[in-house]
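Spelled out, the chains give:
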There are 2 protein chains.
Amino acid sequence: MSVADAETGLGTARLNGELDRTTFQLRAFADLLDEGSFVEAIISPADAAAKPVARPDVRRMLVPIGPVAVFTPSNFPLAFGVAGGDTASALAAGCPVIVKGHPSHPGTSEECARALGAAARDAGAPQGVFTLLQARDLDVARALVTAPEVQAVAFTGSLAAGRAIYDLAAQRPQPIPVFAEMGSLNPVFVAPAAMSARAAEIADGLAGSITLGTGQFCTKPGLVFVAEAAAGEGRAFAKLVAEKVTSRDPGVMLNAQIDANLSRQLARTGALPGVELLARPAERAAGGLTRAGGVVTTDLATFLSTPALHEEHFGPVSVVIRCPSADSVIDVASSLEGNLTATIHADEADALFGKRLASVLSDKVGRIVWNGFPTGVAVTWAMQHGGPYPATTAPAHTSVGVTAIRRFLRPVAYQNAPDALLPEALQRANPLGIQRLVDGRWTREDS
Amino acid sequence: MSVADAETGLGTARLNGELDRTTFQLRAFADLLDEGSFVEAIISPADAAAKPVARPDVRRMLVPIGPVAVFTPSNFPLAFGVAGGDTASALAAGCPVIVKGHPSHPGTSEECARALGAAARDAGAPQGVFTLLQARDLDVARALVTAPEVQAVAFTGSLAAGRAIYDLAAQRPQPIPVFAEMGSLNPVFVAPAAMSARAAEIADGLAGSITLGTGQFCTKPGLVFVAEAAAGEGRAFAKLVAEKVTSRDPGVMLNAQIDANLSRQLARTGALPGVELLARPAERAAGGLTRAGGVVTTDLATFLSTPALHEEHFGPVSVVIRCPSADSVIDVASSLEGNLTATIHADEADALFGKRLASVLSDKVGRIVWNGFPTGVAVTWAMQHGGPYPATTAPAHTSVGVTAIRRFLRPVAYQNAPDALLPEALQRANPLGIQRLVDGRWTREDS
């Protein structure tokens, strides 16, 4: 933990929380394996009388896809790190894993790899089930993605790096899937009645979500759309958010490059016509990377005509967009690209607006949050952490939650196989006692 | 039906069988929608006391991915045609479909599109839910794959065309998934005891499978590996297969180009050193495209060192490879590329061999057939028609069987949503009565 703190500056409270989440994730996948139904066993028994033709006995289940390469990000050294969710789900699927550690925290990666290696030995897992690779050289990353043995890639990081890996994998003689979780703007929408009833409460929650982890979470709310019921309401709300953000303690940026990128980007954004910088992230302390949050505001027309405002500010910064009507909010939602999350603040009087907005957003994002905030991703069975491009390269999948295992599995059907030669999950007596779909009916009975 | 027969020459018996399969497929997806569990509803109720952090209410289900482009092949004008499995599964998922008809049978495509269009109108489906596009011009195909609205492509056809579409889709500003089902060699393995006990029976079944549909099925057995228990056994078996193939009625090739390709390829194969052509497909009748089956044989060393023998002969031709031992059969199985199917003929005395072989093959194919033949794909819940590249570009999916719907769905999670604004599948009272995974437990109860 002292190594992780020295490398990341995140502090032991945050790091301990992340460690809890990491071990929780590993246990959740262990529970999933114990429960066993994740293999999606489907059995169609033989039927000589079936129409239009007689049917053989066919039994289908999911099997491991093969070796998986995992690229870890800088922003979650533990939960998305060497022993993080991608590694956990790939190992749970039965795939060997080669992790490319992030150069921001090599010592932390090494410690995690040692712990995983020891656990693998204790559990009697085959040698080579897990490997850590550390390098700054891009050729190493390229060699990993193009290695013929590698059958899938999981990646968390920037759009540029994620897309480069996707392109490389698609150009292989045998193309392989890349599950890249990249940037996201995580738009927040505030409906008129909610704004009237609880502007201060929403602003306070937003400030917490914008500055959590110094804004370096993939679910940080980067855009806030406010439907103005009265002139000036949006600007007043933006000022309120700026105030709340400024009053919070500054946090630490992950590394000097991220910090410098944010400074440069924000200087450009603040100079755009029609854009106001209401709160500027505090300058770094001498040699340090400490930053408070920042808030920018603009009107809808400026937002729509300014591509730079559609780019993620990676750090504790959000853009509040003042929209002239509820309808204009629905329209701008329809025009957005893919995101991990969208958040709707709507009260009972906003129900129709909320319903229309949610319908539009379900085509745009992987998770819709009602009257809450997108940070703090719950690691549960139902969680979906993914979304249409450019949020990810694989919107049919998630990188958080136990269904993340589905990325590394593929179906195999066995036709008229002798019972003793079938995998246990498919044997007639159902020795694993798992739930199976038999002739269209869910059951744990023999078949 | 007269249009289809005139365009394809397949005969009304085959075409009626295919029509039965096509309507059966459409009804199977209708049943799947009625049953409703295909949305994979997962519910993680709120838990304020959860560790390491309190959990919100999260409800996740699958939603349509968006408009789907379907490219149909020449070899199944109905079952994989305009109203075939790809269209049926995409429409069932709730996605609008644009079909590119195959130039081999434009009239058949038009008839199918009319029937589908009438059914869509009768059912009150929105306009534009289904469109047929017919063109020989490759620019039309390119425009379809690169249209920003299209969110997925389903394709059945050759490796060259499938890979070209995959590459084009991967290079889009927003890359999209391509579910291409391409060629397959469908290796058959005959174990020593099975060979001793029932060589004639296996040879007869193989001949039927090789010549079914004049060998133009994606599951045609293209390679047959025989583990010789005694010298000369493999050649005797190959001759037996050749005899059985030759004794069958000739069939009709789908079009002149496929017929010419097969002739050219077979002339090259027959001239290879170490390769014997035991039965040559009958020359075409004057102006016709009628062909009997062909059988080629070679030894294992020649097979391993001759890349041309690893290419599919699209038509009623199979290559019998004589292997010196059971171990050498396992070795060659390990060296194969991805295939849709593999078939094992093994008797009780072959159990250990069969087990080792099945273990190797489960990494290589989507379906393993025991003591049968790979053609005649049963359209059942458990069917898997897919496999590792180059058989498909998406081994985690199938193009036959009701799980084919999974290609066109993606998950969305709703966090703390008001019950009335949730999709019915996720509402607390479970108004659809579907099975849902609630807090890790399968149930149809409220939650």
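Look a little higher up for the structure.
If you're wondering where the values come from, they're calculated on a predicted model, not measured in any experiment.

(A) Looking closely at empty space enclosed by the protein. All chains considered together, the criterion is met by seven cavities of 30 Å³ or more. By volume, the largest cavity amounts to about 790 Å³. Sorting the residues of the lining of the largest cavity by element identifies α2 (12-35) of chain A together with α2 (12-35) of chain B as the ones contributing at least two each. Residue composition of the lining of the largest cavity, grouped by class: 22 nonpolar, twelve polar and eight charged. Its volume calculated, the second largest cavity comes out at about 80 Å³. The wall of the second largest cavity is formed by 13 residues, among which Phe-179, Glu-181, Thr-398, Ser-399 and Arg-407 of chain B lie closest to the centre. Counting residues per element, the lining of the second largest cavity draws most heavily on strand β7 (residues 178-181) of chain B, which supplies three residues. Residues that form the lining of the second largest cavity fall into these classes: four nonpolar, six polar and three charged.

(B) Main features of the sheet that holds strand β4 (residues 97-100) of chain B. Residues and elements named next belong to chain B. Spatially, β5-β4-β3-β6-β7 is the arrangement adopted by the five strands of the open sheet, whose pairing is parallel. Each edge of the sheet is formed by a strand with only one pairing partner; in this case those strands are β5 (130-133) and β7. For this sheet, the mean inter-axis angle between neighbouring strands, taken without regard to orientation, is 15°. Bridge count for strand β3 (residues 68-71) against β4 is four bridges, and the pairing is parallel.

(C) Region of interest: the pattern of salt bridges. Summed over the entire model, instances satisfying the criterion amount to 35 salt bridges over all chains. Glu-35 of chain B is paired through a salt bridge with Arg-444 of chain B; the nearest N and O atoms lie 3.7 Å apart. Here Arg-444 of chain B lies in the segment after β19 (441-443) and Glu-35 of chain B lies in helix α2, a separation of 409 residues in the sequence. For Asp-204 of chain B, the salt bridge goes to Arg-248 of chain B, with nearest N and O atoms at 3.8 Å. Residue Asp-204 of chain B is found in helix α7 (residues 192-211), and its partner Arg-248 of chain B is found in the loop between α8 (233-246) and β10 (251-252); the two are separated by 44 residues along the sequence. We classify Asp-204 of chain B as partly exposed; its relative accessible area is 34%. Among the charged side chains, a salt-bridge network with shared partners connects Asp-57, Arg-59, Asp-419 and Arg-428 of chain A.

(D) View of the interface of chain B and chain A. Taken together, the contacts link 67 residues of chain B with 68 residues of chain A. By the criterion of area lost to chain A, the three top residues of chain B are Trp-370, Arg-410 and Gln-415 of chain B, representing 12% of everything that side buries. At the boundary of chain B with chain A, the tally comes to 25 residue pairs in polar contact (both at pLDDT 80 or more). Counting only elements with at least two residues in the side of chain B that touches chain A, the list comes to α2, β1 (42-44), β2 (58-64), α6 (159-170), α12 (351-361), β16 (365-370) and β17 (409-415) of chain B.

(E) Up close: unusual backbone geometry. Cis geometry is adopted by the peptide bond preceding Pro-390 of chain A, which originates at Tyr-389 of chain A and carries an omega value of 5°. The phi dihedral of Asn-371 of chain B is positive, around 50°, even though this residue is not glycine. On the basis of relative accessible area, Asn-371 of chain B is assigned to the partly exposed category, the value being 34%. A positive phi angle is found at Asp-439 of chain B, which is not glycine, with a value near 50°. Structurally, the position occupied by Asp-439 of chain B is in the loop between β18 (436-438) and β19.

(F) How the structure looks around the side chain of Arg-291 of chain B. Structurally, the position occupied by Arg-291 of chain B is in strand β12 (residues 290-291). Reaching out from Arg-291 of chain B, the side chain makes a polar contact with the side chain of Ser-263 of chain B at a distance of 2.5 Å.

(G) Region of interest: the relation of the copies chain B and chain A. It takes a turn of 180° to lay chain B on chain A, together with a shift of 0.0 Å along the axis; the resulting RMSD is 0.0 Å. These values place the two chain copies in the arrangement generated by a two-fold rotation axis. For chain B, the residue whose C-alpha comes nearest the rotation axis is Ala-170 of chain B, separated from it by 3.3 Å. Most of the interface of chain B is mirrored in chain A: 100% of its interface residues are interface residues there too.

(H) Representation of α8 of chain B within the structure. Residue and element names in this part refer to chain B. Here α8 contains 14 residues, and its C-alpha end-to-end distance of 20 Å stays within 8% of the 20 Å for a straight helix at 1.5 Å per residue. For α8, the set of buried residues is Glu-233, Gly-234, Phe-237, Ala-238, Val-241, Ala-242 and Val-245. For α8, the elements touching its buried residues are α7, β9 (223-227), β11 (275-279), β13 (294-299) and β14 (317-323).

(I) Highlighting the packing of helix α5 (residues 138-146) of chain A against helix α6 (residues 159-170) of chain A. Residue and element names in this part refer to chain A. It is at 9 Å that the axes of α5 and α6 come closest, and there the two elements cross at 45°. Here α5 is positioned oblique relative to α6, judged by the angle of their axes. Helix-helix and strand crossings are classified by hand; for α5 and α6 the assignment is right-handed. Across the interface between the two elements, Arg-142, Val-145 and Thr-146 from α5 touch Ile-165, Leu-168 and Ala-169 from α6.

(J) A look at the sheet that holds strand β9 (residues 223-227) of chain A. Strand order in the open sheet formed by twelve strands is β11(A)-β13(A)-β14(A)-β9(A)-β8(A)-β15(A)-β16(A)-β17(B)-β2(B)-β1(B)-β18(B)-β19(B), with mixed pairing between adjacent strands. The sheet is open, and its two edges are formed by β11 (275-279) of chain A together with β19 of chain B, each paired on a single side. Taken over all neighbouring pairs, the strand axes of this sheet differ in orientation by 25° on average, direction set aside. Two strands pair when backbone bridges link them, and β11 of chain A and strand β13 (residues 294-299) of chain A are joined in this way by four bridges, in the antiparallel orientation. Residue pairing for β13 of chain A: Leu-277 of chain A is matched across the bridge by Val-296 of chain A. Contacts from helix α9 (residues 256-270) of chain A reach β11, β13 and β14 (317-323) of chain A, with the element oriented near 130° to β11 of chain A.

Scoring rules and cut-offs
- Residues numbered from 1 in each chain as written.
- Chains lettered and ligands numbered in written order.
- Predicted model: local features only at pLDDT ≥ 70, side-chain atom pairs only at ≥ 80, totals over all residues.
- Heavy atoms only, no water.
- 1 Å grid on protein atoms, 1.4 Å probe; cavity = no way out; pocket = protein on both sides within 12 Å on 5 of 7 lines; lining within 4 Å.
- Points joined across faces, edges and corners; volume = space filled by probe spheres on them.
- Helix = DSSP H or I, 4+ residues; strand = E, 2+ residues; numbered from the N terminus.
- Nonpolar A, V, L, I, M, F, W, Y, C, P; charged D, E, K, R; others polar.
- Pairing = 2+ DSSP bridges.
- Axes fitted to C-alpha atoms, helices over the stretch in contact; angles between N-to-C directions.
- Salt bridge = Lys/Arg side-chain N within 4 Å of Asp/Glu carboxyl O.
- Buried < 20%, exposed > 50% of the residue type's maximum accessible area, 1.4 Å probe, protein only.
- Contact = heavy atoms within 4.5 Å.
- Buried area = accessible area lost by both parts, 1.4 Å probe.
- Polar contact = N/O pair within 3.5 Å; in protein donor to acceptor, adjacent residues only side chain to side chain.
- Least-squares fit on C-alpha atoms with pLDDT ≥ 70 in both.
- Expected span 1.5 Å × (residues − 1).
- Parallel < 35°, antiparallel > 145°, perpendicular 65-115°, else oblique.
- Left-handed = near helix turned anticlockwise from the far one by under 90°.

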